[in-house]
Amino acid sequence: MRHFVDINTQTHLRILNASVPLCCIPKDSSLPSPTIDSLALVDINIVEGKVIGIHAARGSAGYVNHNVGIVDLRHGMVLPTFVDLHTHIDKAQTGERSRNADGTLSGADRSTASDAEFWNQDDVYRRMDFSLKCAYAHGTSALRTHLINMSDKQMQLTWPCFKILKEKWKGKVELQGVSLVVLSFFRDEQKAVQLANLVKSAGGMLGAAVCCAENGGDPNDDWTTCDRDRDALLDRVFTLAKERDLDLDFHVDENGNERAKGLLYIARKTIQHGYQGRVVCGHCCSLCYQGDQDLEVTMQAAKDAGVTVVSLPLVNQWTQDRDQQGRRTPRWRGVTLLHELRSKGIPVAMASDNTRDQFFAYGDLDMLEVFNQGCRMAHLDRPYQDWATTVGSVPADAMNLPQHGRIAPGLPANMVLFKARGYSELLARPQWDRVVLRNGVAIDAEVPDYSELDTVPNERRYTADQLSAVPSELPCMPHPEPLQVLPNNVLNSVPDLKSGAKSAAAGVKGQV
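Residues numbered from 1 in each chain as written. Predicted model: local features only at pLDDT ≥ 70, side-chain atom pairs only at ≥ 80, totals over all residues. Heavy atoms only, no water.

Student: Would you mind showing me how to read empty space enclosed by the protein here?
Tutor: The probe, sized like a water molecule, is rolled over the atoms to show the empty space still left. This structure, assessed with the given rule, holds three cavities of 30 Å³ or more. Computed from the structure, the second largest cavity encloses a volume of approximately 60 Å³. Together, Cys 24, Leu 79, Pro 80, Phe 82, Phe 371, Ala 388, Val 391, Gly 392, Ser 393 and Gly 405 line the second largest cavity. (1 Å grid on protein atoms, 1.4 Å probe; cavity = no way out; pocket = protein on both sides within 12 Å on 5 of 7 lines; lining within 4 Å. Points joined across faces, edges and corners; volume = space filled by probe spheres on them.)

See below:
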């Protein structure tokens, strides 16, 4: 990747005249008055890979020392390395071989199920690794991925790959994993216990989709809303997590239905089970359709529960309010109520979510793009204030990674340097010449070439005259398949990734 500035490897490095958001560095009364966009002009002192000081910029004249590397950014911006709280790298890069023909959420479920025929250990590993290469090159240092666990075959594919890649990328991208099933999955106690044990052994988190899909919140939705036994099912989820000391991460209210109130149900259960501060809720799109009174009740419950809400702007603007026939322009943007949630004191983050799969046809796990589009869609720019924390310290705190997403003395010098001198310049261009520093050293990582994925089957495109090819008979949120008892060594023995393994297609009839 071509960098806008060359940084030689030095034990001692000084970055001069850097414009840094005040929200990304410790409060210090000695720092100069910030700009209108809350940027402070500072010098950053780095020794042996750690930040040892952040001071008001003094210019370059006082730093003539042949043993110190000097980099004058000339007011260029510096951000902490990014933290991506909500992704799906197990599904990534599958969108063209099993295309979502109409772009809807239900279409995504059906085409994801159709893609299962291509899944084997080699395929899943290659796509997950490719995704991490993208994230790392763009400047992400921590990433949480949800893993489809609706069938035993998916569990046998995703978690072993997760364990290998977590170790492979250690020190580059801190990788976390969350099991993803629909809420109704937990009706079978034996399956639920087995899943929770698997997640615990893999060092993951427990998750579920609640009041999601296009009909989420409807009493007839017996897959994610589960009106008749929702309380009991959520109690089971929380009990399994508490017994194993697992954090929880939910897909919630991913629709525009006023009746979808999963965030409220989860917040109340969080308080009931004493799990405050250990729960993340993603999407929460339906908040946009809540009445003022209901919205106030929900947000207060979420605040009391210490829930972190993560918005997925790229994906939700693509799937939400989409006309199945492609004849009507969407009337709303799909993003949740970021301003209102933050004003209430609820931690809010933004994340990549899906990349080049059935739920979003684009994306590259570039958190600058996520922040860029989030600022535009949710009007986070007048003023910018501390919105940069939504891709830094807020998700880092939700992931229990206090050394990530911030720049401070004593922390590793993990940051992203830009030629752009303010937010307007930063968000006007893709910033392909950015410099990513890890432990004070500029990385030379390139985003991988898509040809690395050419070993997967040829693209299978659904065009306008091929809609019948989409398996429309598949339900949006199907019953989980009967779960076989996993072998004891499933997490310790992984098939040869070069030779591949048996396909995961058999018996898989739908996804989340």
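On we go from here.
Student: Explanation requested: helix H10 (residues 367-378) in the structure shown.
Tutor: An α-helix turns once per 3.6 residues; consequently, residues spaced three or four apart project the same way. Here H10 is twelve residues long and its end C-alpha atoms lie 16 Å apart, about the 16 Å a rise of 1.5 Å per residue gives. For H10, the buried fraction is high: nine of the twelve residues fall into the buried class. For H10, the complete set of buried residues consists of Met 367, Leu 368, Val 370, Phe 371, Asn 372, Gly 374, Cys 375, Met 377 and Ala 378. Those residues of H10 that are buried lie in contact with strand E6 (82-87), strand E7 (140-148), helix H8 (313-319), helix H9 (338-343), strand E13 (348-350) and helix H12 (423-426). At the N-terminal boundary of H10, the capping side chain belongs to Asp 366, with an oxygen 3.0 Å from the backbone nitrogen of Leu 368. (Helix = DSSP H or I, 4+ residues; strand = E, 2+ residues; numbered from the N terminus. Expected span 1.5 Å × (residues − 1). Buried < 20%, exposed > 50% of the residue type's maximum accessible area, 1.4 Å probe, protein only. Contact = heavy atoms within 4.5 Å. Polar contact = N/O pair within 3.5 Å; in protein donor to acceptor, adjacent residues only side chain to side chain.)

Student: I would appreciate a short explanation of the nonpolar core in the present structure.
Tutor: Across soluble globular proteins, you tend to see nonpolar side chains buried next to one another. Core analysis: the largest hydrophobic core is formed by 130 residues, its most contacted members being Ile 15, Ile 44, Phe 186, Leu 206, Phe 250 and Met 415. Not counting residues up to four positions away in its chain, the partners in contact with Phe 186 are Val 181, Ala 192, Leu 206, Gly 207, Ala 208, Leu 233, Arg 236, Val 237 and Leu 240. Counting 13 residues, the second largest nonpolar core, distinct from the first, contains Val 280, Val 310, Leu 312 and Ala 349. (Core = buried A, V, L, I, M, F, W, Y, C linked by side-chain atoms within 4.5 Å.)

Student: Whenever I open this one, the sheet that holds strand E9 (residues 206-210) confuses me. Can you help?
Tutor: Strands pair in a sheet through their backbones, by hydrogen bonds, and they do so in one of two ways: parallel or antiparallel. Taken in spatial order, the five strands make up an open sheet running E9-E10-E11-E12-E13, and their pairing is parallel. Since the sheet does not close on itself, it has two edges, and those belong to E9 and E13, each with one partner. On average, each strand axis in the sheet is tilted by 25° relative to the strand beside it, whichever way the strands run. Where strand E10 (residues 248-252) lies against strand E11 (residues 279-283), five bridges are found, and the strand directions are parallel. Residue pairing in the sheet places Val 252 in a bridge with His 283 of E11. (Pairing = 2+ DSSP bridges. Axes fitted to C-alpha atoms, helices over the stretch in contact; angles between N-to-C directions.)

Student: It is not clear to me how the side chain of Arg 434 should be interpreted in this structure. Could you clarify?
Tutor: Within the secondary structure, Arg 434 sits in the loop between H12 and strand E15 (435-438). Using a relative accessible area of 1% as the deciding quantity, one classes Arg 434 as buried. Reaching out from Arg 434, the side chain makes a polar contact with the backbone oxygen of Pro 430 at a distance of 2.9 Å. A distance of 2.9 Å separates a polar atom in the side chain of Arg 434 from the backbone oxygen of Gln 431.

Student: Any chance you could explain the packing of helix H4 (residues 189-201) against helix H5 (residues 230-244) here in plain terms?
Tutor: How two helices pack is summed up by the angle between their axes together with the distance between the axes. The geometry of H4 relative to H5 is characterised by a closest axis approach of 10 Å and an angle of 35° between their N-to-C directions. Pair H4 / H5 crosses with right-handed handedness. Of H5, the residues touching H4 (which contributes Glu 189, Ala 192, Val 193, Ala 196, Asn 197 and Lys 200) are Arg 236, Leu 240 and Arg 244. Across the contact of H4 with H5, the residue classes tally to four nonpolar, one polar and four charged. (Left-handed = near helix turned anticlockwise from the far one by under 90°. Nonpolar A, V, L, I, M, F, W, Y, C, P; charged D, E, K, R; others polar.)

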